[in-house]
Amino acid sequence: MRTEPHSGRDLALPALREVYRAYVRAAGGLPALPDPLRAELWTSTQLGALESAAPHAAGHRLAMGDLIAELHRAAAPGTRAFLLGIAAIGPQWARRAAGKAAAALRDLPAPPWADALGQVTPGPAWLIQEGPLDGDRLVLEFRYGPEHTGPHHALAVRLMQDSPTEIVVVGDVAAMMADARKAVQAELCTVQPVAQGAAAGRLRAALDTGTPPPEDCYPALALARHRAAVIGS
């Protein structure tokens, strides 16, 4: 099934019209965010809410198509920024449609961080083990492109039996690693470097089980999928 903006005023799911309008209103504040990481987190949170509310995958695709169409129809700087965010880190099957809709609004101003969306370079990866009852935590570091145009950050995903139970985006990587070293000294956990590919492969498998993750994982889910795919590309 393709995800393309719907023509005219027709919606595949007209009962969600007010939901889409709420997303349009919320997008008004997006261009004021200070950097690409915060913009991606905002986008990921909105997309996570839409996905978690969908009853099945087909309904999710229809809702995404409607949302893209409504963002395009609103034709505002915030909705263009939201479309750019979807084109950068949204579901693979929705990115082309979102990119086309954003391109059609090219006369509207874009935030200064727009070109950096999704343009991250992977850094070190770590495995933190806190004990058999706490599972494993994969930590993958990223920077925005070779010019470091956005914040250094890390994706930290806790896995229990290779299923995600917590997804956190860490803005202060140095502080996180300092806390981890203190925990190692106190014999509360172990920290070991792991190959990028191995960490990303395990993460992709965990995010692609077909089983819905815990509700708390949804806000960072789109960003986590994007980061895992970056390492595999």
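Refer to the structure printed above.
Source: prediction; values computed, not measured.

(A) Representation of the nonpolar core in the model. In this structure, Leu-30, Met-64, Leu-67, Ile-68, Phe-82, Leu-83 and Ile-86 are the most contacted members of the largest nonpolar core, which totals 29 residues. Elements with a contribution of two residues or more to this core: helix H1 (17–26), helix H2 (36–53), helix H3 (57–74), helix H4 (77–89) and helix H5 (92–103). Among the elements that make up this core, the one with the highest residue count is H4 (six residues). Among the nonpolar cores identified, the runner-up in size contains 28 residues, and Ala-125, Leu-140, Leu-221 and Ile-231 belong to it.

(B) Structural view of H4. With 13 residues, H4 should cover 18 Å at 1.5 Å per step; its first-to-last C-alpha distance of 19 Å lies within 8% of that length. Burial of H4 is extensive: ten of the 13 residues sit out of reach of the surface. Of the residues making up H4, those classed as buried are Gly-78, Thr-79, Arg-80, Ala-81, Phe-82, Leu-83, Gly-85, Ile-86, Ala-88 and Ile-89. Against H1, H2, H3, H5 and helix H8 (221–232) lie the buried residues of H4.

(C) Region of interest: the layout of surface pockets. Considering only enclosed or pocket space, the largest pocket measures out at about 850 Å³ in volume. Glu-51, Leu-207, Asp-208, Leu-221 and Arg-225 are, among the 33 residues lining the largest pocket, the residues nearest its centre. Looking at the lining of the largest pocket, the elements that each hand over two or more residues are H2, H3, H5, helix H7 (196–207) and H8. Of the residues forming the lining of the largest pocket, the biggest block, six residues, is contributed by H8. Taken together, the residues of the lining of the largest pocket break down into 16 nonpolar, ten polar and seven charged.

(D) Just the packing of aromatic side chains, in detail. Applying the stated criterion to the full structure yields two aromatic pairs. Considering the side-chain rings of Tyr-23 and Phe-82, the 6.3 Å spacing of their centres and the 50° angle between planes classify their relative orientation as tilted. Here the residue Tyr-23 occupies a position in helix H1, and Phe-82 occupies one in helix H4, the gap between them amounting to 59 residues. Seen from their ring centres, Trp-42 and Phe-82 are 4.9 Å apart, and the 80° between their planes marks the pair as edge-to-face. Linking Trp-42 in helix H2 with Phe-82 in helix H4, this pair joins segments that are 40 residues apart in sequence. You'll find Trp-42 and Phe-82 in the same group, each marked buried. Site record: aromatic cluster; members linked through ring pairs are Tyr-23, Trp-42 and Phe-82. Directly above the aromatic system of Phe-142 lies the positively charged group of Arg-227, at a separation of 5.6 Å from the ring centroid.

(E) Here's a closer look at unusual backbone geometry. Of note in this structure, Gln-161 is not a glycine but carries a positive phi near 50°. Assessed through its relative accessible area of 81%, Gln-161 is described here as exposed.

(F) Here's a closer look at the environment of Trp-126. Mapped onto the elements of the fold, Trp-126 is located in strand E1 (residues 120–129). Trp-126 gets classed as partly exposed once you look at its relative accessible area, which sits at 21%. When the C-alpha atoms of Trp-126 and Val-194 are compared, they prove to be 5.4 Å apart, with 68 residues separating the residues in sequence. Dropping the residues within four chain positions of it, Trp-126 is found in contact with Arg-137, Leu-138, Val-139, Glu-141, Met-177, Val-191, Gln-192, Pro-193 and Val-194. A polar contact of 2.9 Å, which involves the side chain of Trp-126, links it to the side chain of Glu-141.

(G) Seen up close, the pattern of salt bridges. Enumeration over the complete set of coordinates arrives at ten salt bridges. Here Arg-158 and Glu-166 are joined by a salt bridge, their closest N and O atoms 3.6 Å apart. Accessibility expressed as a relative area gives 17% for Arg-158, which makes it buried. Relative accessible area serves as the criterion here: at 33%, Glu-166 is assigned to the partly exposed category. Members of the salt-bridge network, linked through shared partners, are Glu-130, Arg-137, Arg-158 and Glu-166.

(H) Focus on the sheet that holds strand E4 (residues 163–170). Across the sheet, five strands lie side by side as E4-E3-E2-E1-E5; this open sheet has antiparallel pairing. The open sheet is flanked by E4 and strand E5 (190–194), the only strands paired with a single partner. The sheet shows a mean angle of 25° between the axes of neighbouring strands, taken without regard to direction. Pairing of strand E2 (residues 136–144) with strand E3 (residues 153–160), which is carried by seven bridges, proceeds in the antiparallel orientation.

Calculation criteria
Residues numbered from 1 in each chain as written. Predicted model: local features only at pLDDT ≥ 70, side-chain atom pairs only at ≥ 80, totals over all residues. Heavy atoms only, no water. Core = buried A, V, L, I, M, F, W, Y, C linked by side-chain atoms within 4.5 Å. Buried < 20%, exposed > 50% of the residue type's maximum accessible area, 1.4 Å probe, protein only. Helix = DSSP H or I, 4+ residues; strand = E, 2+ residues; numbered from the N terminus. Expected span 1.5 Å × (residues − 1). Contact = heavy atoms within 4.5 Å. 1 Å grid on protein atoms, 1.4 Å probe; cavity = no way out; pocket = protein on both sides within 12 Å on 5 of 7 lines; lining within 4 Å. Points joined across faces, edges and corners; volume = space filled by probe spheres on them. Nonpolar A, V, L, I, M, F, W, Y, C, P; charged D, E, K, R; others polar. Phe/Tyr/Trp six-rings, centres within 6.5 Å; stacked < 30°, edge-to-face > 60°. Lys NZ or Arg CZ within 6 Å of the ring centre and 35° of its normal. Polar contact = N/O pair within 3.5 Å; in protein donor to acceptor, adjacent residues only side chain to side chain. Salt bridge = Lys/Arg side-chain N within 4 Å of Asp/Glu carboxyl O. Pairing = 2+ DSSP bridges. Axes fitted to C-alpha atoms, helices over the stretch in contact; angles between N-to-C directions.

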